[in-house]
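# Structural characterization, general
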Amino acid sequence: MLNRRLVLGSAAALLAGSTFASRALAGDADEATLRALAAETGFTGVLMTGRAGRAEQTIALGMHDVEAGLPTRADGVYCLASISKWLTATAVLKLVDQGRLSLEAPITTWLPEYRADTGAKLTLTHLLSNTSGVPALLGDVMRADPSLRTRVIPTEEALRLFCQGDLKFEPGAQFDYAFTNWIIVLGIVERVTGQAFPDAIRTLLLEPLGLNEIRGDDAFIETPRTAVSYRTLEPLVRQPNERMPMMLAAGGYYGTAADLLKAAHGVFDGDLLSTDSQRRLRTVIAMGDDYALGGRVRTLMIDGQARPAAWNTGSTVGYRALLAHRFDDGRTLVILNNTSLPNPVRGRLGDAVFGASPPA
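Residues numbered from 1 in each chain as written. Predicted model: local features only at pLDDT ≥ 70, side-chain atom pairs only at ≥ 80, totals over all residues. Heavy atoms only, no water.

On to the overall build of the protein chain, then. Helix and strand content of the protein chain: 15 helices and 13 strands. In terms of overall dimensions, the protein chain is globule-like: its C-alpha atoms have a radius of gyration of 20 Å, near the 21 Å expected for 360 residues. Projecting the C-alpha coordinates of the protein chain onto the three principal axes gives extents of approximately 55 × 45 × 35 Å. Residues classed as buried in the protein chain amount to 54% of the 360 residues present. Residue pairs in contact within the protein chain that sit at least 24 positions apart in sequence constitute 66% of those at least 6 positions apart. Of the roughly 14,300 Å² that the protein chain leaves accessible, carbon and sulfur atoms contribute 52%. Side-chain charges in the protein chain split into 36 positive and 38 negative, and the spacing between the mean points of these groups amounts to 2 Å. (Helix = DSSP H or I, 4+ residues; strand = E, 2+ residues; numbered from the N terminus. Rg over C-alpha atoms; globule rule 2.2 N^0.38 Å. Buried < 20%, exposed > 50% of the residue type's maximum accessible area, 1.4 Å probe, protein only. Contact = heavy atoms within 4.5 Å. Areas by Shrake-Rupley, 256 points an atom, 1.4 Å probe, with all protein chains shown as cover. Lys, Arg positive; Asp, Glu negative; His and termini not counted. Charge placed at Lys NZ, Arg CZ, Asp CG, Glu CD.)

Below, the structure written as structure tokens:
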């Protein structure tokens, strides 16, 4: 069994610049080297590297289910958390390519019942880049009415309850990682396609790319292949992931490392999207936060050269995820963890696998 003290102790050493952080790999490490790097952090979960949608190294460490004594499996299912935002943004760009949406039109174009004074200022670009200024009212409203936590809230009601407060700032002026942005996006996708959100994402993105192991429905998630989420390992504390349909666009998808690797290649290297939509997906909008549409784009320093890469992260309950894809050579890294791995450790592990200098 992994020891939480080992995880935290290794994390401290890593962040202080341990031998782990000094090893440059440039994506060519063999499996033994990758396994040693992961083990130095006390990592548990799946680490996969590959190119062109095909895995080259796969490391599965630790426990899939500690109580049952089940070891981590390479085909395990993990919550993708905010990597769901990148999936959502990609599907929206597909609708833009089809002429069914515009990134710059006011959202009242598709949601005419939305509050007129603020809706006329908001665009999908603002929502997908978390620069809308729409306040995060979800917690306040649910605290005022706890019964909302125990029932399915239709999209139209969620839009009315949580998404129409006074703007915190003028759209585009600041970055604010507000969950409410993604409820509005979900509502727009459903309105334009006439489908429930999971069906729309499957039609627009998952089926065209052959992604059978990324889904948002409970029948897929609640299987023996799903890694158990742990708040801590010592003491051993499970952390259930409570899900609502309105959460799907922001963080409700689950998937495997192999399908995430395939997704990165299909979106960034394939022809799913137009050239302009590819450019939009790679262009940082919130400069101080490296945030583009639905995810971050980082500049990695590798062998003294600046190498841009998609850097999509996810954190929820005990799950931690990273999907990184270099734009210069098409290398992809997937990290999936189920034991609350400290987020800085996940980032340093990713840097080391790519042979990048850690950020100052």
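The sheet built from six strands is open, its strands ordered β2-β1-β13-β12-β11-β10 with antiparallel pairing. For this open sheet the edge positions go to β2 (54-61) and β10 (296-302), each flanked by a neighbour on one side alone. For this sheet, the mean angle separating the axes of adjacent strands, direction not counted, is 20°. Across eight bridges, strand β11 (residues 305-316) lies against strand β12 (residues 319-326) in antiparallel orientation. Each bridged residue has a counterpart across the sheet, and for A310 the counterpart in β12 is H325. Of the strands in this sheet, β1 (45-51) and β2 touch helix α3 (residues 31-40), which is tilted by about 40° from β2. (Pairing = 2+ DSSP bridges. Axes fitted to C-alpha atoms, helices over the stretch in contact; angles between N-to-C directions.)

So, about helix α4 (residues 83-97). Spanning 15 residues, α4 covers 22 Å between terminal C-alpha atoms, matching the ideal 21 Å at 1.5 Å per step. Judged by how many residues are buried, α4 sits mostly within the fold: twelve of 15 residues are covered. Within α4, burial applies to I83, S84, K85, W86, L87, T88, A89, T90, A91, V92, L93 and L95. Looking one or two places after α4, you find G99, whose phi comes out positive at around 80°. (Expected span 1.5 Å × (residues − 1).)

As a further point, take the nonpolar core. Ranked by internal contacts, the top residues of the largest apolar core, which has 82 residues, are F162 and I184. The leading source of residues in this core is α4, at eight residues. Other than its neighbours up to four places away in sequence, I184 contacts I107, L111, Y114, L127, V134, L159 and C163. Of all hydrophobic cores here, the second largest spans 21 residues; its members include A38, W311, L333 and V353. (Core = buried A, V, L, I, M, F, W, Y, C linked by side-chain atoms within 4.5 Å.)

Before going further, it helps to examine the pattern of salt bridges. A complete count under the given rule lists 24 salt bridges for this structure. As a salt-bridge pair, D351 and R298 come within 3.1 Å of each other at their nearest N and O atoms. You can see D351 sitting in helix α15 (residues 343-354) and its partner R298 sitting in strand β10, a full 53 residues away along the chain. You'll find D351 and R298 in the same group, each marked buried. Among the charged side chains, a salt-bridge network with shared partners connects R307, R326, D328, D329 and R331. (Salt bridge = Lys/Arg side-chain N within 4 Å of Asp/Glu carboxyl O.)

Within the sequence span of α3, burial applies to L34, L37 and A38. End-on view of α3: buried residues confined to an arc of 95°, all on one side of the axis. (Arc of directions from axis to C-beta.)

What follows covers the side chain of T155. Tracing the backbone shows T155 in helix α8 (residues 155-162). Classification of T155 as buried rests on a relative accessible area of 13%. Residues in contact with T155, not counting those within four places in the same chain, are L186, G187 and E190.

Turning our attention to the environment of V46. Position of V46 among the secondary structure elements: in strand β1. In this structure, the C-alpha to C-alpha distance between V46 and A258, residues 212 residues apart in sequence, is 9.9 Å. Once residues lying within four places of it in the same chain are set aside, the contact partners of V46 are T58, I59, T72, R73, A74, Y78, A257, V334, I335 and L336.

Moving on to the sheet that holds strand β9 (residues 254-255). By definition, the strands of a sheet pair up through backbone hydrogen bonds, in either a parallel or an antiparallel sense. Across the sheet, which stays open at both edges, the three strands sit in the order β5-β9-β6 with antiparallel pairing between neighbours. The open sheet has two free edges, formed respectively by β5 (78-79) and β6 (214-215), since each of these has just one partner strand. Pairing analysis gives two bridges linking β6 to β9, with the strands arranged antiparallel. Directly across from I214, in β9, lies its bridge partner G255.

What follows deals with the packing of aromatic side chains. For any pair of aromatic rings, geometry is given as the distance between the ring centres together with the angle between the planes. Tallied over the entire structure, the rule returns eight aromatic pairs. Ring centres of Y78 and Y319 lie 6.5 Å apart, and the angle between their planes is 80°; on these two criteria the pair is classed as edge-to-face. Here Y78 is found in strand β5, whereas its partner Y319 is found in strand β12, with 241 residues between them in sequence. Just as Y78 is buried, Y319 falls in that class too. On the numbers, 5.3 Å between centres and 50° between planes, the contact of F175 with Y291 is tilted. Here F175, found in the loop between α8 and α9 (180-193), pairs with Y291, found in the loop between α14 (275-282) and β10; they are 116 residues apart in sequence, far enough to count as distant. Judged by relative accessible area, Y291 falls into the buried class, the value being 1%. Every member of this aromatic cluster is reached through a ring pair, and the members are Y78, Y254 and Y319. The ring centre of F327 lies 4.2 Å from the NZ or CZ of R282, which sits over that ring. Looking at R298, its charged tip hangs above the ring of W311, at a distance of 4.4 Å from the centre. (Phe/Tyr/Trp six-rings, centres within 6.5 Å; stacked < 30°, edge-to-face > 60°. Lys NZ or Arg CZ within 6 Å of the ring centre and 35° of its normal.)

The values are spatial; any link to function lies outside them.
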